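# Summary of structural features
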Amino acid sequence: MTMEEMLDREAIRLLMATYTINGDRGRIATLADVFAEDGILEFSGEQSQGRQTILRRLDTPGQPRDPRHSFTRHNLTSSLVELDGEGATGRTYFQVMTDIGLDHHGHYADRFVRTSAGWKIAHRQVRIDWQSPDSLYPTFPKR
């Protein structure tokens, strides 16, 4: 592995951490900024394209939330990123903890692109593999 490949992989890891931590903290504008200008976020059978559309989809102030839901922590586990020149693909497993413990888990299927602003997510598909019957989230479609 070359130094450039190591730096690219570290930049992509930072991108994934920025998405995860800012989402958990409710900083949706910062989360949306990890996407390419025309990036796509796909989950629950819907696609949102473009940072502003992603921001509007995720930023839902005033929407009812289960009163037991006081925190969310997405934990990224195994991740495999394959570089291919100006782009990369990735598959990363995640687990989501809430007040009930393990709430749901799944994986991200990603395409990354190198831009003038650095690495960005071109397309993220969120796939839920399991969800607790006691989940504090609405029911997600399973893959």
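Further up the page is the structure itself.
In this report, the structure presented in the accompanying data block is examined. (Residues numbered from 1 in each chain as written. Predicted model: local features only at pLDDT ≥ 70, side-chain atom pairs only at ≥ 80, totals over all residues. Heavy atoms only, no water.)

So, on to the overall build of the chain. A count of helices and strands for the chain gives three helices and six strands. Reading the chain from its N end, one meets helices and strands in the order α-α-β-β-α-β-β-β-β. Along the first, second and third principal axes, the C-alpha set of the chain runs to 50 × 30 × 25 Å. Classification of the 143 residues of the chain by burial places 38% in the buried group. Within the chain, counting contacts between residues at least 6 apart in sequence, those at least 24 apart form 46% of the total. Each charge sign in the chain was given a centre, from 18 positive and 20 negative side chains, and these centres are 3 Å apart. (Helix = DSSP H or I, 4+ residues; strand = E, 2+ residues; numbered from the N terminus. Buried < 20%, exposed > 50% of the residue type's maximum accessible area, 1.4 Å probe, protein only. Contact = heavy atoms within 4.5 Å. Lys, Arg positive; Asp, Glu negative; His and termini not counted. Charge placed at Lys NZ, Arg CZ, Asp CG, Glu CD.)

Read across the sheet, six strands follow the order β2-β1-β6-β5-β4-β3 without closing on themselves; strand pairing throughout is mixed. The open sheet has two edge strands, β2 (46–49) and β3 (73–83), and neither has a second partner. Going from strand to strand, the sheet's axes swing by 15 degrees on average, the running direction of each strand aside. Where strand β1 (residues 35–43) and strand β6 (residues 118–131) come together, four bridges link them in parallel fashion. (Pairing = 2+ DSSP bridges. Axes fitted to C-alpha atoms, helices over the stretch in contact; angles between N-to-C directions.)

Inspection of the entire model under this criterion finds eight salt bridges. The partner of Lys 120 in a salt bridge is Asp 33, with the nearest N and O atoms 3.9 Å apart. Here Asp 33 lies in the loop between α2 (28–32) and β1 and Lys 120 lies in strand β6, a separation of 87 residues in the sequence. Here Glu 37 ties to Arg 51 by a salt bridge, and the two come within 2.8 Å at their closest N and O atoms. Residue Glu 37 is found in strand β1, and its partner Arg 51 is found in helix α3 (residues 51–58); the two are separated by 14 residues along the sequence. (Salt bridge = Lys/Arg side-chain N within 4 Å of Asp/Glu carboxyl O.)

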